[in-house]
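# Structure at a glance
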Amino acid sequence: MKRAVFPGSFDPITLGHVDIIKRAIPLFDEIIIAIGINADKKYMFETEERKSFIEIAFKDEPKIKTGTYTGLTVDYCKKIDANFILRGLRNPADFEFEKAIAQTNRKLSGIETVFLLTSAETSYISSSIVRDILRNNGDVSVLVPTSVLK
């Protein structure tokens, strides 16, 4: 089985994430959208809320599962028998950062990282931009799935 982990904080999930996930569905038998939990980080949304946003957004897609984890992504991948890590790239800076992580992960575990480029329509979207707009009572309806708006 080709199982991939798409790790992130998803605080909140955006249409950029959704785009990457939807385009990855034909590539894998199963994709686990894995919410990494970092005790030192302050999140806008609670873990269960973030998980719910994802589950509602992909309720009709049987290949999509959700999970949460702490620690190294490669350790989580080993625990759930995932052979791939899925990552989206928005720009050259993302590539350089993600390349170093991917090479380290492959060296530590043998797990391959698969990169998908974000579509032009969503490449500018980031969770931090969405959070900033939300903090200032702005409209994020064109940036996030409807599950986040409820």
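Residues numbered from 1 in each chain as written. Predicted model: local features only at pLDDT ≥ 70, side-chain atom pairs only at ≥ 80, totals over all residues. Heavy atoms only, no water.

## Topic: the packing of aromatic side chains
Per the counting criterion, the structure on display carries five aromatic pairs. Note on Tyr69 and Tyr76: the rings are 4.8 Å apart at their centroids and 20° apart in plane angle, and the pair reads as stacked. With respect to burial, Tyr69 and Tyr76 carry one shared label: buried. Residue placement shows Arg50 over the ring face of Tyr43; its charged tip is 4.0 Å from the ring centre. (Phe/Tyr/Trp six-rings, centres within 6.5 Å; stacked < 30°, edge-to-face > 60°. Buried < 20%, exposed > 50% of the residue type's maximum accessible area, 1.4 Å probe, protein only. Lys NZ or Arg CZ within 6 Å of the ring centre and 35° of its normal.)

## Concerning the UniProt feature "site: Transition state stabilizer" (unreviewed entry) in the protein
Under the present numbering, the feature "site: Transition state stabilizer" (unreviewed entry) in UniProt falls on His17. Relative to the helices and strands, His17 is located in helix H1 (residues 15-24). With residues up to four places along the chain from it excluded, the contact list for His17 reads Phe6, Phe10, Pro12 and Ser127. Here Thr14 takes part through its backbone nitrogen, which lies 2.9 Å from a polar atom of the side chain of His17. (UniProt positions renumbered as here; feature names shortened; annotations may be inferred. Helix = DSSP H or I, 4+ residues; strand = E, 2+ residues; numbered from the N terminus. Contact = heavy atoms within 4.5 Å. Polar contact = N/O pair within 3.5 Å; in protein donor to acceptor, adjacent residues only side chain to side chain.)

## Some remarks on unusual backbone geometry
Cis geometry is adopted by the peptide bond preceding Pro12, which originates at Asp11 and carries an omega value of 0°. Within the secondary structure layout, Pro12 lies in the loop between strand E1 (3-8) and H1. For Phe10, which is not a glycine, the phi torsion comes out positive at approximately 50°. Tracing the chain through its elements places Phe10 in the loop between E1 and H1. The backbone of Asn137 sits at a positive phi, close to 60°, despite the residue not being glycine. Following the sequence through the fold, Asn137 ends up in the loop between helix H5 (127-135) and helix H6 (146-149).

## Side note on H5
Within the sequence span of H5, burial applies to Ser127, Val130 and Arg131. Buried residues of H5, viewed axially, fall in a sector of 100°; they line one side. On its buried face, H5 is in contact with H1. Positive backbone phi, approximately 60°, marks Asn137, located one or two places after H5. (Arc of directions from axis to C-beta.)

## Looking at the environment of Gly36
Its location among the elements puts Gly36 in strand E2 (residues 30-36). Assessed through its relative accessible area of 15%, Gly36 is described here as buried. Taking the C-alpha atoms as reference points, Gly36 and Glu55, 19 residues apart in sequence, are found 16 Å from one another.

## Quick look at the pattern of salt bridges
Counting across every chain of the model gives eight salt bridges. Between Asp60 and Lys59 there is a salt bridge whose closest N-O contact spans 3.7 Å. When its relative accessible area of 64% is taken as the criterion, Asp60 is described as exposed. Close ionic contact of Glu112 with Arg106 constitutes a salt bridge, the shortest N to O distance being 3.4 Å. Classification of Arg106 by relative accessible area gives partly exposed; the value is 38%. (Salt bridge = Lys/Arg side-chain N within 4 Å of Asp/Glu carboxyl O.)

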